[in-house]
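Tertiary structure, described
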Amino acid sequence: MGSIWEIDFYSRPILDDNQKKIWEVLVCESPLDIDTKADSLFRYAQYCPSTQVNSGSLRAALQEAINQAGKAPIKIRFFRRQMNNMITKACQDLGIPAQPSRRTLVLNQWLEQRMEEVYPQEPGYQGGANPSVRLEKPLPQRLPDALEGQQWVFVTLDAADLAEMPEWEIGFGEAFPLELAKVSPEARIPGILIFSPRALPLAGWMSGLELAFLKFDASEEARLLLETGVSDSWIVANIKKPQILAEAKGFEEAKQKANGVHFIGIQSDPKAESFAGFWLLQEVNL
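Residues numbered from 1 in each chain as written. Predicted model: local features only at pLDDT ≥ 70, side-chain atom pairs only at ≥ 80, totals over all residues. Heavy atoms only, no water.

The chain is annotated in an unreviewed UniProt entry as Tab2/Atab2 family RNA-binding protein of Nostoc flagelliforme FACHB-838.

Right under this line is the structure:
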């Protein structure tokens, strides 16, 4: 399997000599498994004057990144919706699929680090809060009937147990090193297991969704939601039983204690020793 990249193309809190904001292209490689070494992931950064903010200059920057990496990625993820057209066009011109996604964990951390340590050192730096991304909140959709799991349960694993993921039999999945999320080996990681006789088709469908995170939503009616892409939301379950309600609240509390880290596993039945799908997820604030 090839690499997946995360990119951002946006203005930075730095003014040029003409008092125009300087833009920047950031490219970094997504970790795909739990034993990836964070310092082995490819990164590329390039400033861009505001007069050259277009898909052509972005394409040129991405081509330079490809030249330096030695190989093009199989997919590019980006979280900034307002840059959708420009990013998609530049990627299309390079023959690389572009995917709106909140699964940009390395990029988010890198941006935070640059906001604190890099941009303040630049001439023309303008202090102030980093604007968050305005995300639309569409109504959550029901999972397609054919893809709903037959049953599901809340579970927890020790972070140390997840280190054995490379030895598990997994059909579809993705993970990241836990140290990237600042999670200790002693932490308890919450998640859900979904059981379905159609486990493999369900896992295959979910693998194409750009899984972001699970969350328990009690704002209107208690339900478990699966967030995907940049703003899509799916209803995994409506929760009415008091016992399940307590477990859902426990899941959300455990997730917060684990810095937002949690997981989804899909199996054919509770006795299965393999996973049709297994994804390590982290809820991050964009």
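Having seen the structure, we can now continue with the description.
This next bit is on helix α6 (residues 242-257). Helical geometry note: an α-helix holds 3.6 residues per turn, so side chains three or four residues apart project in the same direction. Taking 1.5 Å per residue as the helical rise, α6 with its 16 residues ought to reach 22 Å, and the 23 Å between its terminal C-alpha atoms agrees with that figure. Turning to α6, its buried residues are Ala248, Phe251, Glu252, Ala254 and Lys255. Relative to the axis of α6, the buried residues are bounded by an arc of 165 degrees and lie together on one face. Exposed residues pointing more than 90 degrees away from the buried face of α6 are listed as Pro242, Gln243, Glu253 and Lys257. The inward-facing, buried residues of α6 contact β7 (151-158), β9 (188-195), β10 (211-217), β11 (223-228) and β13 (261-267). With its phi angle positive at about 55 degrees, asparagine 259 sits one or two positions after the end of α6. (Helix = DSSP H or I, 4+ residues; strand = E, 2+ residues; numbered from the N terminus. Expected span 1.5 Å × (residues − 1). Buried < 20%, exposed > 50% of the residue type's maximum accessible area, 1.4 Å probe, protein only. Arc of directions from axis to C-beta. Contact = heavy atoms within 4.5 Å.)

This brings us to the side chain of glutamate 174. Along the chain, the position of glutamate 174 falls in strand β8 (residues 170-174). We classify glutamate 174 as buried; its relative accessible area is 12%. Beyond its immediate sequence surroundings of up to four residues, glutamate 174 is in contact with Pro31, Leu32, Arg77, Arg103, Phe278, Trp279 and Leu280.

Looking now at the nonpolar core. Leu162, Leu178, Val183, Ile189, Val261 and Leu280 are the most contacted members of the largest nonpolar core, which has 34 residues in total. Every element with two or more residues in this core is listed here: β2 (21-29), α3 (105-117), α4 (159-162), β9, β13 and β14 (275-282). Considering each element in turn, this core owes the most residues, six residues, to α3. Contacts of isoleucine 189, omitting those with residues within four sequence positions, involve Val155, Thr156, Leu157, Ala159, Leu162, Val183, Ala258, Val261, His262 and Phe263. Leu143, Ala199, Leu226 and Leu281 belong to the second-largest nonpolar core, a separate cluster that totals 25 residues. (Core = buried A, V, L, I, M, F, W, Y, C linked by side-chain atoms within 4.5 Å.)

What follows is about the packing of helix α1 (residues 55-69) against helix α2 (residues 84-93). Where α1 meets α2, the closest approach of the two axes is 8 Å, and the angle between their N-to-C directions is 50 degrees. The orientation of α1 relative to α2 falls into the category oblique. In this structure, α1 meets α2 at a crossing whose hand is right-handed. In this structure, α1 uses Ser55, Leu58, Arg59 and Leu62 to contact α2, whose residues at the interface are Met86, Ile87, Lys89, Ala90, Cys91 and Asp93. Here the residues of the contact of α1 with α2 sort into six nonpolar, one polar and three charged. (Axes fitted to C-alpha atoms, helices over the stretch in contact; angles between N-to-C directions. Parallel < 35°, antiparallel > 145°, perpendicular 65-115°, else oblique. Left-handed = near helix turned anticlockwise from the far one by under 90°. Nonpolar A, V, L, I, M, F, W, Y, C, P; charged D, E, K, R; others polar.)

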